[in-house]
Amino acid sequence: MTWLRRLLNRDRLEVQLDRELQFHVQQQEAELVARGVDPVEARRQARLALGGPEQVKEGCRDARGTRWLDDLTQDVRYAVRMFVGRPGFTAVAVATLALGIGATTLMFTVIEGVLLKPLAYPDPGRLVTLIEQTDWSNNFGNRWSFAYPNYQDCVRTTRSLTLDAWRFNGGTVTGSGDPEYVNGLQVDPGFLGMLGIAIDRGRTFLDEDSRAGALPVAIVSADLWARRQGSREAPLGSPLVFDSTPYTVIGVTSMNARLPGRPDIVTLLGNPESDPRGLLRNRNVHPGVQVWGRLRPGATVEQAQAELTLVGRRLAEQYPDSNRGRTFIASPLRPNVGDVGATLWLLLAAVALVLLIACANIGSLVLARAVSRERELAMRAALGAGRGRLMRQCLTETAVLGLAGGLSGVGLAKVGVAPFIAFWPGTLPRADDIVIDWRVLVFAVVASLTSSLIFGLAPALRVPARHLDRVLHAAGRAIRGGSRRLHSVFVAAEIALAIVLLVCAGALGRALLRLTALDAGFIVHNVLVARTAVSPTALADPSRTRAAWDGVLAAARTVPGVEAVAAVDTVPMRAGYNQNVYWTSASLPPIAERPGAIMTSVTPEYARVMGLRIRFGRFFDDHDRAGSEPVIIVDDILAQTAFGRPDVVGRQLWLPDLGPGSFRIVGVVGHVRHWGLASDDQAAVRAQIYYPFAQLPDPLVRRWSQLMSIVVRTGVPPGTLVESLRHAIRGSTSDQVMYQVQTLEDLAAASLARQRFLLLLFGAFAALALLLASLGLYGVLAYLMSERTPEIGVRLALGARAADVTRMVLGESAGMVLVGLCVGVAGAMAASRALQQFVDGVHGVDLPTYAVVMAVLSASALAASIVPARRACRVDAMTALRQD
Amino acid sequence: MPPKSDLPQGTLDLLILKVVALGPVHGYAIAQRLQQVSRDVVQVPQGSLYPALHRLENRGLLAADWKPTDTGRDAKFYRLTRGGRAALESETASWRRLAEAVGLILRLSAGGAE
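Residues numbered from 1 in each chain as written. Chains lettered and ligands numbered in written order. Predicted model: local features only at pLDDT ≥ 70, side-chain atom pairs only at ≥ 80, totals over all residues. Heavy atoms only, no water.

Q: Is there a simple way to think about the overall build of chain A in this case?
A: Across its full length, chain A carries 28 helices and 24 strands. Taken over the C-alpha trace, chain A has a radius of gyration of 38 Å; the compact-globule value for 884 residues is 29 Å, which it surpasses by more than 25%. For chain A, restricting intrachain contacts to residue pairs at least 6 apart in sequence, the fraction spanning at least 24 positions comes to 79%. Carbon together with sulfur atoms contributes 59% to the accessible area of chain A, which is approximately 39,700 Å² in total. Counting 91 positive and 76 negative side-chain charges, chain A places the centres of these two groups 6 Å from one another. (Helix = DSSP H or I, 4+ residues; strand = E, 2+ residues; numbered from the N terminus. Rg over C-alpha atoms; globule rule 2.2 N^0.38 Å. Contact = heavy atoms within 4.5 Å. Areas by Shrake-Rupley, 256 points an atom, 1.4 Å probe, with all protein chains shown as cover. Lys, Arg positive; Asp, Glu negative; His and termini not counted. Charge placed at Lys NZ, Arg CZ, Asp CG, Glu CD.)

Structure, rendered in structure tokens:
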């Protein structure tokens, strides 16, 4: 009979066991009677021979192997009954645990969804991403997007991979309704199929769609389709004008969340032969083409890599100009979540600390109960219960408590996920993948059981084994040294953990204070920043594009309340930058040794809008035009690094990416914290060069125009001008739009959002930790003092004064706090080092922070000790002595 | 009456298997037979006989059926399973080896004393 059937047929087995034993006794009885024994005596002897029937039955039940389960049910029942009988204790313990486990589970849910879960594509383990790599590196590193001809060669020669290329391609949708800017992708026909993205309505791309001369087709998101056509069910086939090209919409699907960049429109990269500018035919340019691939059945990444290495070597020989030292690297495709990992792990560590404090807190409560239950346990041990059995029972009780807390915790986590995502600064990547699934449940159960082991093990180990008589005599009165030490350990641990969290919060707070006081290099108030798309028809030739931008700026200037307007390609503290190399003479060093600078293309009023500080020389004016002398303006950091002096007006720089020949420096401005208030100090490239948009080389104008933003300084709150600006710049064809409208103030604040978010959460956790630790200290002191009431009574009767008793209690508390402080400071030092490594702008923790933390902690510890101390001195000697 | 010996650890299982190997038999008869065959030297504490029987049954070495006895009462009859037979053989062999080895050692020390 299997274990399970023995378990399920328990009742029948019991009946059979009873019958079997009865048969035995009756058989023996009958035999004795047959031998002439008196029937009554025979029955007695037969019973004696078998031994106690209950003991025999127990032995047989043990043999079934289902015993532990019966015990468990019994223990759980007992535990539940006991907890129900003590609702106060139970509520406090379960609530504390629920908070701790809930917060930990919430963080794990987020981490699992964002960092651990594979991508939501079919068979994601077989997807790879390809990059070009060079055997030399410069300030930009050596990761490159693909030159399209290189990609085509890879497609032709690899056997182990199917490859598809894609690139970001946002643009303006015009036609019926307001023009709007949408995110877009350009892809190869097979790209969506490779990722397993089904088309809800219509069809996916076919190879024919990218033949030369084929009509342009697009697949759009269901949202965009509903927005433009009035309903999701609007018939397909109607044209959609995207960047002034009419596309036939062949498919509608909900795809945004599953593709990079959350695109609303997907079009084809197209046929390189019909590419008007030939960028896709040029092996020397890397026009942002990304390559993803899927391993063919049976192939491994290593095989694919070997093939790619071969292709790379062959192309390097064939095209040394563009491909020397260039290889192709395949690596497994991983979710791109940026740098949120560090923040999430830090938060998980913080909530784990809170959970530990909660465990220590409950641990001392459970321990106090265990001490007062010592007599009960000793009695049961004396009556024959094994020590292991009693320990098992104690652990079952705490496990029941832990699981109750864990269950409520999962509920809390479920409720808390949505607010957490909403509260996250910016958008949390892969937010759609965050769900409570079985992995989260396993985590919660493990966390609950681990917690209950932490707070339940010490009490369980106290189950008495020897000297039962002494325990029974002591009548739970005298509290033994061992338990007192354990209590102190719990309190000291709580205090140490609280210090770690307090110091981290303090370090973040100081960092934030320091960072907000930093000079950004520009005046953040009253500046509006908006990406702007000029009329797509104006992109056809550079002079019309330039004219369109002049028109936008002029139109914006007419809006009442606008003080100055400029156009700029990259805005400080917003995602996006342009790095180029520079040199101070015409003889350029090898490519890897050229220093880099952030290049910003601006119109003349930029300095006025941003409030840049002009240190030497001048800013650009309307005389710096195409055809006039090429001029640039540098920041003081570049002046110092390149020339070693502040005033470099009149010097020359060579900028090979911008054109041949030299560029004359006409001004020096103060450094702008382009990378954000917190991150600029750590950035690899900080030097800055400004150049006039008017002097941008013609071939770059179209691309730049798609990147440009306008910045507007206003005399009134900038938010109030958005609508009038939007209206003013629409242009004669009313297809020019502003999108991603922000204020510079918001951008500056967002650059500290991570620090602020962490400070807020760490602050909350530290406060919670402080509260829990104080409560724990209070609880333990109150308990210890109540146990010592008779002793205090004796002291008072022998002439001790109230002050002596107070001193005794405070001394007891100070001992625990001091140990906690020492351990805590050591832990805090380690923790702040971790913080420093992961959060920009956090420096080592200074003495004042420690001093404040110690003061706060000592004050709360004192507050927690006062009540027990005062209660102790009010002990009435006579009552206390009679208590025994 | 000669003094009764305690059974060495694990021997009870072997003896039970051996008795049951002779044919289906109920618990009371096993106890009787052990006592008779060993000429009362082996006194099986009846309190440990039944747990041992149940343990062997749960390990699959014994199987049990309820059948009427000669007197017409229903009793639980144990019989050996295929696994039980194999266990009996290997246990018997290892017991013999052990007994032989112990005997050798005892003879050796007796020789040494002479």
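Q: Can you help me understand unusual backbone geometry in this one?
A: Negative phi characterises most residues that are not glycine, and trans characterises most peptide bonds. Residue and element names in this part refer to chain A. Even without a glycine there, the phi angle at D123 is positive, about 50°. Residue placement: D123 occurs in the loop between α6 (87-116) and β1 (127-138). The exposure class assigned to D123 is partly exposed, which follows from its relative accessible area of 47%. Positive phi outside glycine occurs at Q740, with the angle close to 50°. Of note, Q740 is situated in strand β24 (residues 737-743). (Buried < 20%, exposed > 50% of the residue type's maximum accessible area, 1.4 Å probe, protein only.)

Q: Just checking my understanding: could you explain the side chain of A:S221 for this structure?
A: Residue and element names in this part refer to chain A. With respect to the helices and strands, S221 occurs in strand β8 (residues 217-221). A relative accessible area of 0% means that S221 is categorised as buried. Leave out the neighbours within four places in its chain, and S221 touches V252, T253, M255, N256, P263 and D264.

Q: Looking at this structure, how should I read the pairing of strand β4 (residues 171-174) of chain A?
A: Strand residues, when the strand is regular, have side chains that alternate between the two faces of the sheet. All names here are of chain A. Judged from the three bridges that link them, β4 and strand β5 (residues 180-182) form a sheet pairing that is antiparallel. Counted as the bridge partner of T172 is Y181 from β5. Counting the residues between successive antiparallel strands, the hairpin from β4 to β5 contains five residues, one of them, G175, with a positive phi of roughly 105°. Taken together, the two bridges between β4 and strand β9 (residues 239-242) define a ladder with antiparallel strand orientation. Across the sheet, T174 pairs through a bridge with V241, a residue of β9. (Pairing = 2+ DSSP bridges.)

Q: What is the right way to read the side chain of A:D569 from this model?
A: Residues and elements named next belong to chain A. Along the chain, the position of D569 falls in the loop between β15 (562-568) and β16 (579-581). For the buried D569, which has no salt bridge, the nearest side chain bearing the opposite charge is R574, at an N-O separation of 8.1 Å. A polar contact is formed between the side chain of D569 and the backbone nitrogen of S601, at a distance of 2.9 Å. Beyond its immediate stretch of four places on either side in the chain, D569 contacts R574, M599, T600, S601, Y691, W704, L707 and M708. (Salt bridge = Lys/Arg side-chain N within 4 Å of Asp/Glu carboxyl O. Polar contact = N/O pair within 3.5 Å; in protein donor to acceptor, adjacent residues only side chain to side chain.)

Q: Hey, could you run me through the interface of chain A and chain B in this one?
A: Interfaces are frequently sized by the accessible area removed from exposure as the parts join. Listed per partner, the contact involves 19 residues of chain A and 19 residues of chain B. Counting each side, the surface lost to burial between chain A and chain B is near 1,900 Å², with a carbon and sulfur contribution of 55%. Ranking the residues of chain A by area buried against chain B places A:E20, A:F23 and A:H24 at the top, with a combined share of 35%. Here A:E20 ties to B:K76 by a salt bridge, and the two come within 3.8 Å at their closest N and O atoms. Among the elements of the structure, α2 (10-34), α3 (39-50) and α4 (53-64) of chain A are those that each provide at least two residues to the side of chain A that touches chain B. Per element, the largest residue contribution to the side of chain A that touches chain B is eleven residues, and it comes from α2(A). Partitioned by chemical class, the residues of the side of chain A that touches chain B number eight nonpolar, six polar and five charged. (Buried area = accessible area lost by both parts, 1.4 Å probe. Nonpolar A, V, L, I, M, F, W, Y, C, P; charged D, E, K, R; others polar.)

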